[in-house]
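Geometric and topological summary
For reference, the chains in residue letters:
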Amino acid sequence: MDPYRIETNSAGRKILVIQDYLNSRLDDDFASVDFDVIFFDVAHLPYNLVRDMVAQTSPFVNKRFLYIPRFMSMLNYSSFERISALIDGFAPSAIDNDVTIRAEEIIFQCEKLHVHDFYNPVLDEQELFRRMAVFCFTREQLSFTNTTIPTLREGLSAVFAGYVIVRRIVGNDPNPDDSNIREITAKLLEAGYIEPTKFVERIHLCPSCSHDHLIFSECCTKCKSSNLKEEDMIHHFRCANISKESDYIYDDELRCPKCKRRLRHIGIDYDRPSKVQTCIECGAIQLHSEMKVICAKCGHQIQPHQLTPYDIYQYTFTPLGIRELCTHTL
């Protein structure tokens, strides 16, 4: 099987149909090939090989494939849903009518914005984000949220999240951190390139490294260990003793540790008024544990009230922002 073929759709566009793995850099393979659209017909290939080719044809690392419409076989959808923001659609074939229509829309936007007239190599983080923004403009995605959290991200932040997944494939390009989406939002807002349209959610960040990957855990009020055991307290009516249930267990039955009497019937001999937590590490007994927060990135441990609040908004690019980002760096 040839690694690729060229098909022509009903609009007269040439489609590069990649049908087998190409193990060299794709810009070298297709330097002289004329095509307008890319279609990955590679449902038979392993995920890692397909991801490699998706990365190599990324508009963020490859001038040859800059903003070209990219589609993939419907059979790949379940594997590549996480990076679907980098794919313009999933379809049964390269000449599917939906592919043709969507490709024309993207090509029209590229011509309208003259995005192919301006090119800077991606040598720094700012150019990377500029190109991501222009990629969104060519897809008419003018709104985005300032977070990469899966259930909240959209537009530019969804494209960025997809890029983070594939970027390790492509080599020495910039490797921005998730928190950079917040920094770039602040720069765009200050320049007047975006404006907020609605409040989405309030999240909390690690005060040490500003990440939102946080682990919440109950802990001992004394030593802060999360190695806790919860059990019932038992109140023996006859002698008024109140102790942990484990103190009452003797030969697989309940016996009062104070008066040694056997407890038979709950509500008559005893009741369970509350629960307590015992720390396995230091032995402290407490009615209520505390909550601690651990940053999954830097390991910093703090209490919830020490977290830094951060508001997620939906933003939209202004006409000034679209015009400037299509022709200049940030």
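See the structure shown above.
Residues numbered from 1 in each chain as written. Predicted model: local features only at pLDDT ≥ 70, side-chain atom pairs only at ≥ 80, totals over all residues. Heavy atoms only, no water.

1. Regarding the overall build of the protein
The criterion, for reference: Helix and strand assignments follow DSSP, with helices taken as H or I runs no shorter than four residues and strands as E runs no shorter than two, numbered in order from the N terminus. All radius of gyration figures rest on C-alpha atoms, and the globule criterion is 2.2 Å times the number of residues raised to 0.38. Contacts were defined at the residue level, with two residues in contact if any of their heavy atoms lie within 4.5 Å. Accessible areas in this description were obtained via Shrake-Rupley with a 1.4 Å probe; residue shielding takes into account the shown protein chains only.
Per the secondary structure count, the protein includes nine helices and 17 strands. Its C-alpha radius of gyration of 29 Å places the protein more than 25% over the 20 Å reference for a compact globule of 330 residues. Counted over contacts in the protein with a minimum sequence separation of 6, partners at least 24 positions apart contribute 64%. When the accessible area of the protein is evaluated, it comes to approximately 16700 Å², of which 48% is carbon and sulfur surface.

2. A closer look at the side chain of Arg102
As a reminder of what qualifies: We call two N or O atoms a polar contact when they sit within 3.5 Å, provided that within protein one can donate a hydrogen and the other can accept it, with sequence-adjacent residues counted only if both atoms are side-chain atoms.
Tracing the sequence through the fold places Arg102 in helix 4 (residues 97–113). One polar contact links Arg102 to Glu105, side chain to side chain, over a distance of 3.0 Å.

3. As for the sheet that holds strand 8 (residues 214–219)
Put simply, the rule reads: What makes two strands pair is DSSP finding at least two bridges between them.
Pairing is antiparallel across the open sheet formed by three strands, whose spatial order is 8-15-16. One side of each edge strand has no neighbouring strand; the edge strands of this open sheet are strand 8 and strand 16 (301–302). With six bridges joining them, strand 8 and strand 15 (residues 290–295) adopt antiparallel strand pairing. Across the sheet, residue Cys219 finds its bridge partner in strand 15, namely Glu290.

4. A word on helix 6 (residues 156–166)
The criterion, for reference: Each residue gets one of three labels from its accessible area relative to the maximum for its type: buried under 20%, exposed over 50%, partly exposed in between, using a 1.4 Å probe on protein chains only.
For helix 6, the tally of buried residues reaches 10 of 11 residues, placing the bulk of the element in the interior. All of the buried residues along helix 6 are Leu156, Ser157, Ala158, Val159, Phe160, Ala161, Gly162, Tyr163, Ile165 and Val166.

5. Topic: the pattern of salt bridges
Condition: A pair is scored as a salt bridge if a Lys or Arg side-chain nitrogen falls within 4 Å of a carboxyl oxygen belonging to Asp or Glu.
If you walk through the whole model with that rule in mind, you get 16 salt bridges. Residue Arg139 is joined to Asp88 by a salt bridge in which the shortest nitrogen-to-oxygen separation is 2.7 Å. Here Arg139, found in the loop between helix 5 (125–138) and strand 6 (143–145), pairs with Asp88, found in the loop between helix 3 (77–80) and strand 5 (90–91); they are 51 residues apart in sequence, far enough to count as distant. Between Glu127 and Arg131 there is a salt bridge; the shortest N-O distance is 3.9 Å. One end of the pair, Glu127, and the other, Arg131, are both in helix 5, four residues apart, so they sit about a helical turn from each other.

6. Here's the deal with the environment of Gly192
Turning to its location among the elements, Gly192 is positioned in the loop between helix 7 (180–191) and strand 7 (194–205). Relative accessible area serves as the criterion here: at 30%, Gly192 is assigned to the partly exposed category. On a C-alpha basis, the gap between Gly192 and Thr318 in space is 7.4 Å, while along the polypeptide they are 126 residues apart. Ignoring any residue separated from it by four or fewer positions in sequence, one finds Gly192 in contact with Thr318 and Leu320.

7. As for unusual backbone geometry
Backbone geometry at Asp251 places phi at a positive 55°, although glycine is not the residue there. Here Asp251 lies in the loop between strand 11 (249–250) and strand 12 (253–254). The exposure class of Asp251 is exposed, given its relative accessible area of 61%. The backbone of Lys260 sits at a positive phi, close to 70°, despite the residue not being glycine. Along the polypeptide, Lys260 turns up in the loop between strand 12 and strand 13 (270–279).

8. With respect to the sheet that holds strand 14 (residues 285–286)
What the four strands build is an open sheet, ordered 10-9-13-14; its pairing is antiparallel. Every other strand in the sheet has two partners, leaving strand 10 (242–244) and strand 14 as the edge strands with one partner each. Summarising the sheet, strand 9 (residues 228–236) and strand 10 pair through three bridges and their orientation is antiparallel. By the bridge assignment, Ile234 is partnered in strand 10 with Ser243.

9. Details of the packing of aromatic side chains
Test applied: Pairing of aromatic rings covers Phe, Tyr and Trp, the last through its six-membered ring, and needs centres within 6.5 Å; plane angles under 30 degrees mean stacked, over 60 mean edge-to-face, and all others mean tilted.
Going through the model one piece at a time under the given rule, you end up with nine aromatic pairs. Ring centres of Phe137 and Phe317 lie 4.8 Å apart, and the angle between their planes is 85°; this geometry places the pair in the edge-to-face category. On the criterion of sequence distance, the pair formed by Phe137 in helix 5 and Phe317 in strand 17 (residues 308–317) is long-range, its members being 180 residues apart. With 6.2 Å between their ring centres and 55° between their planes, Tyr313 and Tyr315 make a pair best called tilted.

10. Describing the pairing of strand 13
In terms of strand pairing, strand 9 meets strand 13 through eight bridges, oriented antiparallel. Bridge assignment links His235 to a residue of strand 13, and that residue is Asp271. Here two bridges tie strand 13 to strand 14, and the two strands are oriented antiparallel to one another. Counterpart to Thr278 in the pairing with strand 14 is Ile285. Counted along the chain from strand 13 to the antiparallel partner strand 14, the turn is five residues long, and its residue Gly283 has a positive phi close to 80°.

11. Quick look at the pairing of strand 2 (residues 14–18)
Most of strand 2 sits inside the fold, with four of its five residues counted as buried. Across five bridges, strand 1 (residues 4–8) lies against strand 2 in antiparallel orientation. Note on strand 2: the bridge partner recorded for Tyr4 is Ile18. Linking two consecutive strands that pair antiparallel, namely strand 1 and strand 2, is a turn of five residues; a positive phi of about 85° is found at Gly12 within it. Sheet topology places strand 2 next to strand 3 (residues 37–40); four bridges connect them, and they run parallel. Bridge assignment links Ile18 to a residue of strand 3, and that residue is Phe40.

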